[in-house]
Amino acid sequence: MSTLPEESLEEELQSEEPKQPPLPSAFASLPQRPPTQSSLEKYAPLDWVGYFDEEKDISIPDSNDVFHVYMAGTEGPVIFCLHGGGYSGLSFALAAGKIKEKARVVAMDLRGHGKSSSENDIDLSIETMCNDVLAVLKEMYGEQPPSIVLVGHSMGGSVAVHVAAKKTLRSLHGLVVVDVVEVWFLQANLLVDICDYLLMIEWSVKGGSLRNLDSARLSIPSTLKYDDSKKCYVYRARLEETEQYWRAWYEGLSEKFLSCPVPKLLLLAGTDRLDRPLTIGQMQGKFQMVVVRHTGHAIQEDAPEEFASLILNFIARNRIGPHGVEIPGLRQPLQSQT
């Protein structure tokens, strides 16, 4: 007997209905889980190109020293950034992407760090590092450099203060010191053998040394190098071999900071970083201080947008332009948090 038209239509509709996935069994060996992003994607390195505009090697005359710098922006004063011990110039990458809208940014790989090379990578004496910075500035800008604001994080903050205290950089119009802490940088170098740099990026974020994943993906690879003999990644900076210089980085630093004859900004992750001279100096209004909440030691990496805004408003507050004049459009200073 032939099938009724209604029955044929019903069977056809049933065949077109999407099949529902079977209900999970209580006895299934592996439960069904939603797809997750792999570690390879989540912790993969990011390129600096989206934040800085160019990179350059600066060769120092009469030496074999070559210092690597990252540059961004075309107008305004030069925000010259010095990273902490064990970090690199890419520590400022995310912030540079914002700062370059109103000012120029230069982030230098210090001696023994990043892509810089020198005759003696272990000589991290404060005098040598100060001379390195001054030599790079001279090679980049000659005898008539534009207005410069030195920005230094941790060890780099010590270098910035010592350079400013020399009072030989005539175009220096501002000094920004970021969370100078004497022993912090050692914690970033406890692990020395890493089979995969993705693990280091992951460890840095999960361990709390950096709290911004994108910044870790940008900066961490530049702090490592591959050791063929060990068949693994090791730290580029050999800080454990420079202990003889550590005391001089920080000894009397607060007094030197207060004596610098330029506008000063101190950025801190917590007020426990303040010693007696700084506390008195801050109460006397000798410098601007901002406590950046909910960040770790690397403020510029953990909160790059807030860091960039603080730098730009520091420039505006003190009318620091290409030749020491006010920059149009930067007239409203951010209220400081003390």
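Residues numbered from 1 in each chain as written. Predicted model: local features only at pLDDT ≥ 70, side-chain atom pairs only at ≥ 80, totals over all residues. Heavy atoms only, no water.

Colleague: Which residues make up the environment of Pro45, and what are the values?
Modeller: Within the secondary structure, Pro45 sits in the loop between helix H2 (39-42) and strand S1 (54-59). For the pair Pro45 and Ala216, spaced 171 residues apart in sequence, the C-alpha separation works out to 8.1 Å. Sequence-distant contacts of Pro45, defined by excluding residues within four places in its chain, comprise Tyr197, Leu198, Ile201, Arg217 and Pro221. (Helix = DSSP H or I, 4+ residues; strand = E, 2+ residues; numbered from the N terminus. Contact = heavy atoms within 4.5 Å.)

Colleague: If you had to explain the packing of aromatic side chains to someone new, which residues and values would you point to?
Modeller: Under the criterion given, the structure shown has six aromatic pairs. With centroids separated by 6.2 Å and ring planes inclined at 45 degrees, the aromatic side chains of Phe92 and Phe307 adopt a geometry described as tilted. One end of the pair, Phe92, is in the loop between strand S3 (78-82) and helix H3 (93-99); the other, Phe307, is in helix H13 (residues 304-317), with 215 residues separating them in the sequence. For the pair Phe92 and Phe307, a shared accessibility class is recorded, and that class is buried. Geometrically, the ring pair formed by Phe257 and Phe287 is edge-to-face, given 5.3 Å between the ring centres and 70 degrees between the ring planes. Of this pair, Phe257 sits in helix H10 (residues 253-259) while Phe287 sits in the loop between helix H11 (276-283) and strand S10 (288-291), and the two are 30 residues apart along the sequence. For Phe257, a relative accessible area of 3% corresponds to the buried category. Ring-pair connections join several aromatic residues into one group, and the members of that group are Trp48, Phe52 and Tyr70. (Phe/Tyr/Trp six-rings, centres within 6.5 Å; stacked < 30°, edge-to-face > 60°. Buried < 20%, exposed > 50% of the residue type's maximum accessible area, 1.4 Å probe, protein only.)

Colleague: Please give an account of the pattern of salt bridges that cites residues and values.
Modeller: Considering all chains together, one arrives at eleven salt bridges under this definition. Across the salt bridge formed by Asp53 and Lys100, the nearest N and O atoms sit 3.0 Å from each other. With a gap of 47 residues between them, Asp53 in the loop between H2 and S1 and Lys100 in the loop between H3 and strand S4 (104-108) connect regions that are remote in the sequence. Asp53 gets classed as partly exposed once you look at its relative accessible area, which sits at 43%. Taking the relative accessible area as the measure of exposure, Lys100 reaches 24% and is therefore partly exposed. Linking Glu202 and Lys206 is a salt bridge whose minimum nitrogen-to-oxygen distance equals 2.7 Å. Taken as a pair, Glu202 and Lys206 lie in helix H7 (residues 197-206) at a separation of four residues, close to a single helical turn. One connected set of salt bridges, linked through shared partners, spans Asp65, Arg111 and Asp132. (Salt bridge = Lys/Arg side-chain N within 4 Å of Asp/Glu carboxyl O.)

Colleague: Describe the pairing of strand S8 (residues 232-235), naming the residues involved and giving the relevant values.
Modeller: Here strand S7 (residues 224-227) pairs with S8 via four bridges, running antiparallel. Residue pairing for S8: Tyr226 is matched across the bridge by Tyr233. Linking S7 to S8, which pair antiparallel, is a turn of four residues; within it Lys231 sits at a positive phi near 60 degrees. (Pairing = 2+ DSSP bridges.)

Colleague: Just give me the short version of the side chain of Ser118, but keep the residues and values in it.
Modeller: Inspection of the secondary structure assignment puts Ser118 in the loop between S4 and helix H4 (126-141). Ser118 sits in the buried class, given a relative accessible area of 17%. Of note is the side chain of Ser118, whose polar atom sits 3.3 Å from the backbone oxygen of Asn120. A polar side-chain atom of Ser118 sits 2.5 Å from a polar atom in the side chain of Asp121. Apart from residues lying up to four places away in sequence, Ser118 is in contact with Asn64, Asp65 and Arg111. (Polar contact = N/O pair within 3.5 Å; in protein donor to acceptor, adjacent residues only side chain to side chain.)

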